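Summary of the model geometry
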Number of protein chains: 6
Amino acid sequence: MFTVEVSDHIMIAHSFQGEVFGPAQALHGATFAVSAAFVAEQLDANGIVVDIGRAFEVLKEILAPINYRNLDDLPQFNHVNTTTEYLTKYVFDRLAEAVRTDRLGRDGHEITAIRVTIAESPSARAWYEAHLW
Amino acid sequence: MFTVEVSDHIMIAHSFQGEVFGPAQALHGATFAVSAAFVAEQLDANGIVVDIGRAFEVLKEILAPINYRNLDDLPQFNHVNTTTEYLTKYVFDRLAEAVRTDRLGRDGHEITAIRVTIAESPSARAWYEAHLW
Amino acid sequence: MFTVEVSDHIMIAHSFQGEVFGPAQALHGATFAVSAAFVAEQLDANGIVVDIGRAFEVLKEILAPINYRNLDDLPQFNHVNTTTEYLTKYVFDRLAEAVRTDRLGRDGHEITAIRVTIAESPSARAWYEAHLW
Amino acid sequence: MFTVEVSDHIMIAHSFQGEVFGPAQALHGATFAVSAAFVAEQLDANGIVVDIGRAFEVLKEILAPINYRNLDDLPQFNHVNTTTEYLTKYVFDRLAEAVRTDRLGRDGHEITAIRVTIAESPSARAWYEAHLW
Amino acid sequence: MFTVEVSDHIMIAHSFQGEVFGPAQALHGATFAVSAAFVAEQLDANGIVVDIGRAFEVLKEILAPINYRNLDDLPQFNHVNTTTEYLTKYVFDRLAEAVRTDRLGRDGHEITAIRVTIAESPSARAWYEAHLW
Amino acid sequence: MFTVEVSDHIMIAHSFQGEVFGPAQALHGATFAVSAAFVAEQLDANGIVVDIGRAFEVLKEILAPINYRNLDDLPQFNHVNTTTEYLTKYVFDRLAEAVRTDRLGRDGHEITAIRVTIAESPSARAWYEAHLW
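Read on for an overview of the structure. (Residues numbered from 1 in each chain as written. Chains lettered and ligands numbered in written order. Predicted model: local features only at pLDDT ≥ 70, side-chain atom pairs only at ≥ 80, totals over all residues. Heavy atoms only, no water.)

1. Observations regarding the overall build of chain A
Spelled out, the test is: Secondary structure is summarised from DSSP: a helix means a run of H or I of at least four residues, a strand means a run of E of at least two, and numbering begins at the N terminus for each. Each radius of gyration is computed over the set of C-alpha atoms, and the globule rule expresses the reference value as 2.2 Å times the number of residues to the power 0.38.
A count of helical and extended segments in chain A gives two helices and four strands. Taken from the N to the C terminus, the helices and strands of chain A come in the order β-β-α-α-β-β. Since a compact globule built from 133 residues should have a radius of gyration of about 14 Å, the 16 Å found for chain A is in line with a globular shape. Viewed in the frame of its principal axes, chain A has a C-alpha envelope of about 50 × 25 × 25 Å.

The following block contains the structure:
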């Protein structure tokens, strides 16, 4: 099983609803280091899992609408706690759509799974992984 | 599958029995960077895997009795080589107990697996992972 | 010249005034990894630059009032762009005051300089350094 | 499931065939940080997955013939794109052979899987993992 | 003294002349993680050392002509060993020119010094620093 | 001013005398990541600060007698607290001797300064730097 992973980062503001969050209920923010990993059983004829250049581009396109934003103001996050783990799934869903519509430069059916990792600080991170088909 | 991981570190002394360890048979020590990862199929109503604050606290509580200690002197490690991989399981077992007794701020049955990673140096680390139920 | 450096991090929201900031004029946020370095010509009788435990505590005390906050709302940052470089000086000033009032567990006159480094992302950081006396 | 991972690095030149590679079609190079992870269900009588000293040696032996080389000139890579993901499998195959011939200081049948990770830059890496038996 | 540092990376091939280089006399390559640090006595009216966006752009422009190249083929490196330390000065000189011609979004005279750091591997790096005026 | 830095690590046990050390008065240990930086005004005829291969060897030779040891048992550390900052100077002194006796592959007078950095954990490190002549 081959995997290729590319990384980027965003800088966002947000707040959380729920006592469990303690001081993080207040409006605060985070630098999220986001990594997108694509899994394939076999390399393609070029010897790659996906076109790494496109992988960087697609990840950047998915992150652009939420970068330098207050996530509390965005309609797609209405009534949602935009926790690190929630956002791993948010990015996963958009990467999965990109794979299924062949935007990674390879027949999407050959990408079997995706894992999205988001580090929120030097001591905490989250990831979401699932098969695509 | 969602995972949240928190990290801490300890500074311990120990020695190993067995020729395979070469110079590490002598009393020496290590800074162990310890990461605890908790896995769940679904996020809870707050949008989290576990209460990350409690995860940090529970990890710190588990590490406290062995931090700043010579592991050779501790009764729980009697006649045991406290290798990095052995310690990943030692921390795993205590985290698993914490999850099963609902100390992570969520019904323990919703946490499906744990992975404990310990880095002993810039070039070597070990991890133990297993399902909980 | 001896230096000891300790690190912590904060998660804040803020916005910037000025076209130069482009998309960062909007309310966004950051995880700031903050390192405080203390410089001395000589070690003290214990063989240390400063009590590292106190160094961690003092840094945490200085960061606490701005951690998990929207810096735009804090009176001490009124009409100020709380850029990464601005904040290095903000933390420096408070550490310098702590050193001058002997809160680091050593006669402050023996600490000759401080450097504060703040990493805002994997690819950008800033630092401020100056002599104390 | 226990895993132990050791790391080393190599510095190589190579070029790629195929439009998908864009500017990387030209002769260029990379520092590859290579990590080899060995998986076992149980620790051995010494409390280890494998002899970590041998793991470092075996990894170094496998990397030596390709370190400080132009991979385009090596016969084993004739008509092959030596992409990061391709090389993870190349290293995996040689580590698998070492395990199967008991060169890691333990009955090879007790090592169930290997994962090889290669980081090519601060923002891109690849890995290959598979069971051995 | 304030400093802001931005980072990027390049992937190059090259070889060295001289017995001191041992196996690195052969054509090989490197991923160079390049950091550019700009020093100023005072922040400007916006509260910054330099426009960080321009700093990223200028660094990328300087690195573009040598990225994905065999440095042995480039006329500017004729009869030169393009060691890591040599390249720190090469990048420094071009950044200094950019500062002196006010391309960093601030009067160049207010930037007092530059430091360029290049990491060639997890265990080796070099830097060059000098005053500008 | 050019600097080249190489890194290695050691794993040691030790204890400290003095109330200021709190729990670190007990026998414990550390992984010390040690970096040695050599400074020169000019590159030599090969385009280097020092022979990086010799720099790695000399650093390793200096660290060997204290690696995998309990520092409390070593005569050179009798009645001394082997703090991280103390050890930076210990390594510095031995590197300075190596430079002065031309063991770095260059006339020692051309190396103007050395800086030794030791990281003891992800959140604490120390360094010592001084001119050589």
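Next comes the rest of the account.
2. A word on the interface of chain E and chain C
Basically, it comes down to this: Any pair of residues with heavy atoms lying within 4.5 Å of one another is described as a contacting pair. Buried area counts how much accessible surface, traced with a 1.4 Å probe, disappears from two parts once they are put together, with both parts' losses summed. Salt bridges are counted wherever a side-chain nitrogen of Lys or Arg sits within 4 Å of a carboxyl oxygen of Asp or Glu.
The interface is formed by 18 residues belonging to chain E together with 18 residues belonging to chain C. For the pair chain E and chain C, the summed buried surface comes to about 1400 Å²; carbon and sulfur atoms form 54% of the total. The largest contributions to the chain E side of the interface with chain C come from M1, E5 and N46 of chain E, which together make up 35% of the buried area. Remark: the boundary between chain E and chain C carries one salt bridge.

3. Some points on the relation of the copies chain C and chain A
Heads up, the rule is: A least-squares superposition brings the copies together, and it is based on the C-alpha atoms of residues with pLDDT no lower than 70 in both.
Overlaying chain C with chain A gives an RMSD of 0.0 Å, the required rotation being 180 degrees about an axis along which the chain moves by 0.0 Å. The relationship between the two copies is best expressed as a two-fold rotation axis. Taken as a fraction of all interface residues of chain C, those also at the interface in chain A reach 100%, which identifies the copy contact as same-surface.

4. Some points on the relation of the copies chain E and chain C
Mapping between the two chain copies consists of a rotation about an axis together with a translation along that axis. Overlaying chain E on chain C yields an RMSD of 0.0 Å, the required transformation being a rotation through 120 degrees with an accompanying axial translation of 0.0 Å. The operation mapping one copy onto its partner corresponds to a three-fold rotation axis.

5. Things to note about the layout of surface pockets
Defined as follows: Here a cavity denotes a set of grid points, spaced 1 Å apart and computed over the protein atoms alone, in which a 1.4 Å probe fits but from which it cannot get out, and a pocket denotes an open set meeting protein on both sides within 12 Å along at least five of seven lines; residues with an atom within 4 Å of a point are reported as lining. Grid points are joined across faces, edges and corners, and a volume is the space filled by probe spheres set on the points. Side-chain classes are defined by residue name, with Ala, Val, Leu, Ile, Met, Phe, Trp, Tyr, Cys and Pro counting as nonpolar, Asp, Glu, Lys and Arg as charged, and the others, Gly among them, as polar.
By volume, the second largest pocket amounts to about 910 Å³. In this structure, the second largest pocket is lined by 33 residues; those nearest its centre are E129 of chain C, E129 of chain E together with M1, R115 and E129 of chain F. Of the residues assigned to the lining of the second largest pocket, the class counts are 21 nonpolar, six polar and six charged.

6. Quick look at the packing of helix α1 (residues 52-63) of chain C against helix α2 (residues 84-100) of chain C
All names here are of chain C. Condition: What counts as an axis is a line fitted to C-alpha atoms, over the stretch in contact for a helix, and the angles between N-to-C directions run from 0 to 180 degrees. Here the angle decides the label: under 35 degrees means roughly parallel, over 145 means roughly antiparallel, 65 to 115 means roughly perpendicular, and every other value means oblique. Crossing handedness: left-handed means the near helix sits turned counterclockwise from the far one by under a right angle, and right-handed means the same turn made clockwise.
Interhelical geometry of α1 versus α2 gives an angle of 130 degrees and a closest axis separation of 10 Å. Judged by the angle between their axes, α1 and α2 are oblique. At the point where α1 passes α2, the crossing takes the right-handed sense. Contacts between α1 and α2 involve V58, L59, I62 and L63 on the former and, on the latter, V91, R94, L95 and A98. Here the residues of the contact of α1 with α2 are counted per class, giving seven nonpolar, no polar and one charged.

7. A look at the interface of chain C and chain A
Frequently, the measure chosen for interface size is the accessible area that the parts lose on association. At the interface, 20 residues of chain C touch 20 residues of chain A. Between chain C and chain A the total buried area reaches about 1500 Å² when both faces are included, carbon and sulfur atoms providing 69% of it. For chain C, the biggest contributors to the area lost against chain A are M11, L27 and Y68 of chain C; these three give 33% of the whole. The interface formed by chain C and chain A holds zero salt bridges in total.

8. Quick word on the pattern of salt bridges
Inclusion rule: Only protein chains enter the area calculation, which uses a 1.4 Å probe; residues under 20% of their type maximum are buried, those over 50% are exposed, and those in between are partly exposed.
Counted by the stated rule, this structure contains 36 salt bridges over all chains. Ionic pairing is found between K60 of chain D and D8 of chain D, a salt bridge with its closest N-O pair at 3.0 Å. A residue pair is termed long-range when its members are at least 10 positions apart, and K60 of chain D in helix α1 (residues 52-63) and D8 of chain D in strand β1 (residues 2-14) qualify at 52 residues. With a shortest N-O distance of 3.1 Å, K89 of chain E and D93 of chain E are connected by a salt bridge. Here D93 of chain E and K89 of chain E lie together in helix α2 (residues 84-100), a separation of four residues that amounts to about one turn. Residue D93 of chain E is classed as partly exposed on the basis of its relative accessible area, which comes to 34%.

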